[in-house]
Amino acid sequence: MILRHRPGHGIHSLRGKLTLANVALLALGIVMATAVSLMGMRYYLLDQVDSELLRMRDSLGSTQLTARQIDSLSALAFVRDGKVPEAQGPPSADSLFALVDSKGRPLTLRGLVPTANQRALADAVDDPRALTGDSDPLDVTVEGVPFRVVGVALPDGAVVLIAGSTDALHRGMAKALKLDLAFGVLLLGLLAVLTMLSVSRRLRPLEDMVETSSAIAEGDLARRVPSSHHPTQEVEQLRLALNSMLHQVESAYRTRERSTAQLRRFVADASHELRTPLAAIRGYLQLYDKGMLSEPGERKRAWDRMTGEADRMGRLVDELLTLARLDQRPELRFKNVDLSRLVRDAAEDLRAQQPGRPVTVSAEGALLVRGDESGLRQILGNLVTNVRTHTPAGTPVALDLERADGVVRLHVADEGPGLAEEDAVRIFDRFFRAGGGAGSGLGMAIVQGVTTAHGGDVTVRTAPGEGLTVTVTLPAQACAP
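Read on for a plain summary of the structure. (Residues numbered from 1 in each chain as written. Predicted model: local features only at pLDDT ≥ 70, side-chain atom pairs only at ≥ 80, totals over all residues. Heavy atoms only, no water.)

## Digging into the packing of helix H10 (residues 373-390) against helix H12 (residues 443-453)
Then, number 1: Direction vectors running N to C along H10 and H12 enclose 150 degrees, while the axes themselves pass 9 Å from each other. Between H10 and H12, the angle is such that the two are roughly antiparallel. As H10 runs across H12, the sense of the crossing is left-handed. Residues Gly375, Gln378, Ile379, Asn382, Leu383 and Asn386 of H10 touch H12, and the partners they reach there are Gly443, Met444, Ile446, Val447, Val450 and Thr451.
Then, number 2: Residue composition of the contact of H10 with H12, by class: six nonpolar, six polar and no charged. (Axes fitted to C-alpha atoms, helices over the stretch in contact; angles between N-to-C directions. Helix = DSSP H or I, 4+ residues; strand = E, 2+ residues; numbered from the N terminus. Parallel < 35°, antiparallel > 145°, perpendicular 65-115°, else oblique. Left-handed = near helix turned anticlockwise from the far one by under 90°. Contact = heavy atoms within 4.5 Å. Nonpolar A, V, L, I, M, F, W, Y, C, P; charged D, E, K, R; others polar.)

See below:
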């Protein structure tokens, strides 16, 4: 028993690989889009912080104030972060200010000791003098909080450090990253589900092909791949090609089965036909061997019967050889043949054998065809013999030859008893004799074989009580003008 194999749904299946490919591509796109968006957001927000710090640096630098003058100005807005000397925790304001000397040590402002945040800011900057010449702020960390810092050089050598917090920027970027990752995971899951559903629907015709092939392997040769509701072009082309191949396979199998059955029937019929004359000859020989044919008349009758059976067996063997050669598609000797002359000769032979039979011939003049003369004579001889054997001696027969529509048609029609429909269907079968009549049953099979070898066709028209008309048609390419 052949087990039907269904396509797998694992990771190594086609649908699994397509799903993984789509998910991987989308994941790559999400990662790239997230990276670009975060980089853009960071650049935009940092640019705002840097612009504010640079503006403050330019404003303070343009005043040309010294550290003593700054100390004397109580209204300086950005010293508010240094008012509380007790502040020890991380900075909470968005900006931080510190006054340091050239070596980076914090200076006392308005008598207030620098706070821990200011000292941490001063410690975070290695070289305050170098910082004053940088065009871009410096990233530092004060008590665990990220800052961007710029330096302003005062005329007396002191340096003012102005820092802006970027903690909100980093928290915003972290939230945006989490949101992008959550949305990306959700989108990947949705894409995986939709891809699986879509691929399953698109690959359904392939599963039907597998099921159909398995069914055919189990013996259901008539099975075909059904058409899907929304087929893709490639899958539909594959379905049509597979169905065409399956049709050819079925036709070849049916033809082989039919040929095998015909061969078995042919061998059985040939054995039966040959056994009958052999049995008759063997019987007469046994009678002669036992001395039971003592009278000259009996011996003469036995001799005639054995001769007749031997002739019958010889004709049967000749017809079998003819059919065997036709089955092998022999190379015929084609030449220009006057078919009208062959028709008239066949009619004369019939008149000589049965003078009392009315014979009508319609084949005047010359009608040349390209064919094998011996084969064409055999067609006419078998058709005439068929009429002579299976119809009464006084039954009229007509032989008609015509050229029309680029083909040549030979009609042999008699007004005999005709054939029933089930017999007419089998008239070209080998060893078939309607009603078990005389003859070998090979004549019409030879007519069909020779006609087919000429590239033509042969048909019959008959009905009980309406006679039999056999039409042999030779194609236009076999005809010569």
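## Describing the side chain of threonine 195
Then, number 1: Secondary-structure assignment places threonine 195 in helix H5 (residues 167-202).
Then, number 2: What makes threonine 195 buried here is its relative accessible area of 7%.
Then, number 3: Residues within four places of threonine 195 in sequence aside, it is in contact with Leu18, Thr19 and Asn22. (Buried < 20%, exposed > 50% of the residue type's maximum accessible area, 1.4 Å probe, protein only.)

## Regarding a nonpolar patch on the surface
Then, number 1: A contiguous nonpolar surface patch, about 390 Å² in accessible area, is contributed by Leu190, Val193, Leu194 and Leu197.
Then, number 2: You can call leucine 197 exposed: its relative accessible area is 56%. (Patch = residues over 30% accessible without salt bridge, like charges linked within 9 Å, V, L, I, M, F, W, Y side chains within 5 Å. Areas by Shrake-Rupley, 256 points an atom, 1.4 Å probe, with all protein chains shown as cover. Salt bridge = Lys/Arg side-chain N within 4 Å of Asp/Glu carboxyl O.)

## So, the nonpolar core
Side chains of nonpolar character tend, in soluble globular proteins, to be buried together.
Then, number 1: Counting 35 residues, the largest nonpolar core has Val369, Leu376, Leu383, Leu399 and Leu401 as the members making the most contacts within it.
Then, number 2: Put simply, the parts of the chain that give this core at least two residues each are helix H9 (339-353), H10, strand S8 (397-404), strand S9 (407-414), H12 and strand S11 (468-474).
Then, number 3: Not counting the four nearest positions on each side in its chain, leucine 399 is found in contact with Val343, Ala346, Ala347, Val359, Thr360, Val361, Ser362, Val384, His411 and Val412.
Then, number 4: By size, the runner-up hydrophobic cluster in this structure holds 16 residues, among which are Val100, Ala120, Val142 and Val159. (Core = buried A, V, L, I, M, F, W, Y, C linked by side-chain atoms within 4.5 Å.)

## A closer look at the sheet that holds strand S2 (residues 138-142)
Then, number 1: Strand order in the open sheet formed by four strands is S1-S4-S3-S2, with antiparallel pairing between adjacent strands. This sheet does not close on itself; its edge strands, each paired only once, are strand S1 (95-100) and S2. Taking the axes of each pair of neighbouring strands and ignoring which way they run, one obtains an average angle of 35 degrees across the sheet.
Then, number 2: Sheet topology note: the strand S3 (residues 145-153)/strand S4 (residues 159-165) ladder contains seven bridges and is antiparallel. In the sheet register, glycine 151 faces S4, and the bridge partner there is leucine 161. (Pairing = 2+ DSSP bridges.)

## Points about the pairing of S3
Across a regular strand the side chains alternate sides, sitting on one face of the sheet and then on the other.
Then, number 1: Counted residue by residue, S3 has eight buried out of nine residues, so it is predominantly covered.
Then, number 2: In this structure, S2 lies alongside S3, joined through five bridges in antiparallel fashion. Looking across to S3, one finds that valine 140 is bridged to phenylalanine 147.
Then, number 3: Between S2 and S3, which pair antiparallel one after the other, the connecting turn spans two residues, and glutamate 143 there sits at a positive phi close to 50 degrees.

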